[in-house]
Each structure stands twice: as structure tokens, then as C-alpha cells.
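Residue-level structure breakdown
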Amino acid sequence: MRTTKIGVQSPSIEVENCVSPGKLIFDSGIGEFLEKAGIFLFPWQRYILDKWLRRGVDGWDFSSIGLSVPRRNGKSEIVIAFILVKTCLFDEKTCYTSYHKQSMTSIFNRLRELIGAEDSCGLFLRSFFDVPNKKGQYYFGPGILTGAGFEAIVSKKGARCDFLTRAGGAGRGSGFDNLIFDEAQELTADQLQALLPTADSSSPQVMYIGTPETIQSESRIFSNLRESIIDHVSSSSYWAEWSVSKMTNKTNRAMWYKTNPSLGLKSIGGRGGMTEKTIEKNLGMNDESFSTEILGYWSRKAVGGLFDVATWDALERDEPEPTTTEKIALGIKFDINGESFSVCIASADNDRNTFVQLLCSGSTTGPVSDNVQDGYGPSVYVDWKDWFSQVLIPIIKSKKCVSVIIDGIANVSEVKVLLSSYRLWDVNKASSKQGKIQIAKTSDQVFASSLFVNSVHNEEVSHDGDLEVQRLIIDAGKRTIRSIPGGYGFQSNSGNLTMSILECIALAFYGVSLNAIKKQPLNTTIKTKKPDWVFSTQSALY
């Protein structure tokens, strides 16, 4: 007997951040209520709704919820079920917003049809809303309101759901128990700030529902939420997604079923369900667009970002074995206040890509630990000077080390004194470069940043997959350096991260490129995307 193939019903990624999990309540009357209302959910939809409604002694388990599912799978039916449950069974006030007015109107019309249906389901719902039953007409009675830029459903007890556009601060001043941000991939910071304060109940729930952001998306609100929940930074939060972990060939039908939970399911009452033909209509897309729109792929490329993260991920390698011809360079970077530091290393040999790695980062005011695994000393040190003395000085003295570039005006004097105690720097000389060690100038950081960006684009770099560095690559944007026309360093697009480590890696890469690669022009022609400004390799390196 032939078995019908259906989409995977469990999320590809699911994360719960909750201290004391409550109880699932779908089977405690909610499922029966929805069936009587004419809402029939697929297993995956029921699973998600059950998680959203998990409840403890102090209220709802999750105050912040994210759901990412490829288009046409039926996210809206979960939203409709959620709205009806919260309005009819819990007497709560909900605000639903979407990027497109058409989406808002579609949800509202679906609810209006359910409430006004000429069947037992409509009759059941009207017992909550008391809407006049006029056959063949829509219902603008006590239970349904319409106005300029919004619609609403209102129960007998005063519970309601308002449907608002995300424009002009709509909703400001109103008080809601629940906020639903549909099409969350298009949610901007201004819109979020206008509406978020309206969720002011004792146990509010804020829902973010959408698909992965694209390069054209205006903000990273949705992806930042995703990262914060997955990284367990956000408390009382829940995230679920159907997705592929990397860009996938669009003809891979197995991935269609992995990422589209409604694929192969038969529609219920003429609603829901997908067939392969639904997806085949999108085969005209390129693999990247298809992976994002149809397979739920999060490319993790920041809006306005400098790096293609898929390229960066593909450059991950095991740390190469040392060779006799290998040359290394160090980047040492202190933040502008001198409160933290980072040290990175770049190693180059002429028969492989330059390998970059974060050695150590930490505070300048307490103990530090490092990533060094090659026997230079213990893994925890009294302070940064102790680490420098035990770990960094032997590396600097080695013949393989051809360059050390130090940046950070607040701590340069201390570093010079430390180096002088090992006869590696003469504090009586005013020069910014002595032997293999140099104090970075603004032009060095500019050249280093541009060279590193170009080299990543051209796949001339490799790395060890450090997660902290990866977060910076995802979030990196340009920090304009006005003193040099077209020059830039790095800045955080989200505003939440410090780019010192990434600039430190660029300095190390720059140092080894200056001194270790054979004297031949380096390829700075970008294969995939050309930056706004590319410095002259010849003038920068030789």
C-alpha cells in the first residue's frame, strides 16, 4: 500500500527559555472549543499553538515568542486560533499588526467569516460575540468594528482583538495583553518602539511571526530576536522554525518536505495543505532566493553587512599543522577606554590560505583565559600583563613571527614598557615601528579592514569557526573613517556588539600579508561583491 509523503511536523529548531515550565492546556477544552468554532489544525499547527498557550501559576510561560515557517504553510490559521482562544476563553485584549494591509485584512475577514457563518460553528462563535446574523452579509454589529486604518472584533465581555497597520504609531496609548507582529521580517525599530509599550498586562505575550529576512529587509529585528532566544540571552521566550541550515539546491525535494510542514497534507474544509506543484511554481528563483523563501534558510547576512556569512562559514578549517616555512603575525587591540583587549594571530604559508584565529580576549582589570593549546603556560592568568609575559612574548621572539601590530592609545604606553623589559622596544625612541613591532596608525586600520573584507570575499582566508568571531562577522558593518577618503573600520549593525576583536583579526591578517606572502600582487578583485572603496594593493603593501 502506497504511503502518502507529508512534511515534517516537528520544528527544525525549537528553543524554550523558561525557568519553571507550566502545563500544556490544549486538551483542557481548547481543542474542543476550536473544533466547535470551525478551526481544524494540522498536527504541527496544534503543536505550536499548544506551546504558545503553555501556562504556569504566574501566567503564560513565554512572554516573547518567535515562529519562522516558509510561506503558504498556514501560519495564519495558528494566529486566528490564538486570537479566538485569547478573546473568547481568557477575555484578553490582543493587537494584531502586519507589514501589508492586505495581510491584516485577510486575517480580519477570515475571523468575520467564522463568526458570521450560517452553520453550527458560526452560531457557537456568535454566542461569544453577539453579532446580528444576517444571511449573505458581513456583520458590523456589536462584535465587529471597522474604522480608518483598523478593524476589531469585540466580545460580549469586552475582550477584543484590534487589527492595525504598522504606520504612524498606530496603537500608541492602547493597552493590550498580547501583541502579534506578523510579517516580522519587515518590522522596523520605530514600529516596534511605538507598539511594544502597549503590551502592559501582568502576563503579556509578544509574538513575532514571519519568514527569514532577505537582503532587501529593512531591519534585523526578527533575526536579532532569533539569535537572542537561540543563544539563551532572552528569558521567558520560545522560538520554533522550519528551515535548512545552509543554502540548498532547489531541486532537492527531500528538503521541501523537511521545511514545509503542510506539504502533502490534505486541506481541511478547503483550507490549508500544500502539494509539490505549489512549490514547483517557485523553481524560477535562484538557489539562494529559493532557500530563503521556500526552505526557510537564514543566510545570516546583516542588513548593510560587509560579509557574506555563507562564504565565511565555508572557510572554516581545522587549525593547520605548523611548517618550517610558516610565518605568523599578531594583532593586539585595546578598546577605546582601555578596559578590554584582544589578541589575534594570522599564520601564512605560500601553499594555503592565511589562517586567522582569536587567541585571547578579556578585561584589562582582572584574570584572563585564552585559546592557546600549544603549551606556553596555564590557561588562566593573573591579568593581561601576566598573559603577555607568559604567552605572547615567546611568540613574538620566535623566528616565525614577522609582524606585531598594536592598536589602542589608552594602553600603548604600558605595552611599550612591558616590551622594553624584554628588550623588544626602546622607550627612548619616538618611532612608531621598531623591528617587527609597530603601533598602528589610522591608515593601518583602514588598509587592514579593506584587505580583510576583500580577502574573505575572494576566499583567501580560513578560520577555526570561533562562535564569538562568527557573531561579529554576521553583525559587521562599515564605520566610516573620515580622515581617509573612502576609508572604514568595522561597526556593529545591531548596536549590541563591539568590533574590537574583528578589527584585531584584520590587523593580524594585514601584518602577515605585508611580511610573509611572496612578493607578488595580491588578488583584491572581489568575485562576489565589490565594496564601495578598494585601496590600491601596490601602494598599501609595498
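Here the structure is shown first, and the text comes after it.
The shown structure was predicted, so the numbers you read here are calculated from the model rather than taken from an experiment.

Time to look at the overall build of the protein chain. Broken down by element type, the protein chain carries 17 helices and 22 strands. Scored against the burial criterion, the 542 residues of the protein chain give a buried share of 53%. Accessible area of the protein chain: about 24,600 Å², with a carbon and sulfur share of 49%.

With 48 residues, the main nonpolar core has L34, L49, W52 and L84 as its most contacted residues. The element best represented in this core is helix α3 (residues 75–89), accounting for nine residues. With near-sequence residues (within four places) excluded, L84 lies in contact with F33, I39, L89, L111, L114, L125 and F129. Among the nonpolar cores identified, the runner-up in size contains 38 residues, and L358, V461, A476 and L507 belong to it.

Time to look at the environment of L502. With respect to the secondary-structure elements, L502 resides in helix α16 (residues 500–515). Measuring from C-alpha to C-alpha, the distance between L502 and E468 comes to 9.7 Å, with 34 residues separating the pair along the chain.

What follows covers the sheet that holds strand β13 (residues 340–348). Pairing between the strands of a sheet is mediated by backbone hydrogen bonds and can be parallel or antiparallel. Read across the open sheet, the seven strands follow the order β18-β19-β17-β12-β13-β14-β20; overall the sheet is mixed. Two strands lie at the open edges of the sheet, namely β18 (433–434) and β20 (461–463), each paired on one side alone. Bridge analysis of β18 against strand β19 (residues 437–439) gives two bridges, and the strand direction is antiparallel. Within β19, the position partnered with Q434 by the bridge is I437. Lying over the sheet, helix α12 (residues 384–397) contacts β12 (327–334), β13, β14 (354–363), β17 (401–407) and β19, oriented at roughly 160 degrees with respect to β12.

Under the criterion given, the structure shown has 25 aromatic pairs. Through a chain of ring-to-ring contacts, three or more aromatic side chains come together here, namely F307, W312, F452, F490 and F509. Here the guanidinium or amino end of R55 rests over the ring plane of W60, the centre of that ring lying 4.3 Å away.

Considered as a void within the structure, the largest pocket measures approximately 1,100 Å³ in volume. Forming the boundary of the largest pocket are 38 residues, of which G74, K75, S76, E77 and R271 lie nearest the centre. Take the lining of the largest pocket: its biggest share by element is eight residues, from helix α4 (residues 101–116). Put simply, the second largest pocket is a space of about 690 Å³. In terms of lining residues, the second largest pocket is bounded by 26 residues, among which R226, E227, D231, R471 and I474 are the most central. Those elements giving two or more residues to the lining of the second largest pocket turn out to be α7 (221–230) and α15 (467–475). Of all the elements, α15 adds the most residues to the lining of the second largest pocket, at six residues.

Thresholds applied
Residues numbered from 1 in each chain as written. Predicted model: local features only at pLDDT ≥ 70, side-chain atom pairs only at ≥ 80, totals over all residues. Heavy atoms only, no water. Helix = DSSP H or I, 4+ residues; strand = E, 2+ residues; numbered from the N terminus. Buried < 20%, exposed > 50% of the residue type's maximum accessible area, 1.4 Å probe, protein only. Areas by Shrake-Rupley, 256 points an atom, 1.4 Å probe, with all protein chains shown as cover. Core = buried A, V, L, I, M, F, W, Y, C linked by side-chain atoms within 4.5 Å. Contact = heavy atoms within 4.5 Å. Pairing = 2+ DSSP bridges. Axes fitted to C-alpha atoms, helices over the stretch in contact; angles between N-to-C directions. Phe/Tyr/Trp six-rings, centres within 6.5 Å; stacked < 30°, edge-to-face > 60°. Lys NZ or Arg CZ within 6 Å of the ring centre and 35° of its normal. 1 Å grid on protein atoms, 1.4 Å probe; cavity = no way out; pocket = protein on both sides within 12 Å on 5 of 7 lines; lining within 4 Å. Points joined across faces, edges and corners; volume = space filled by probe spheres on them.

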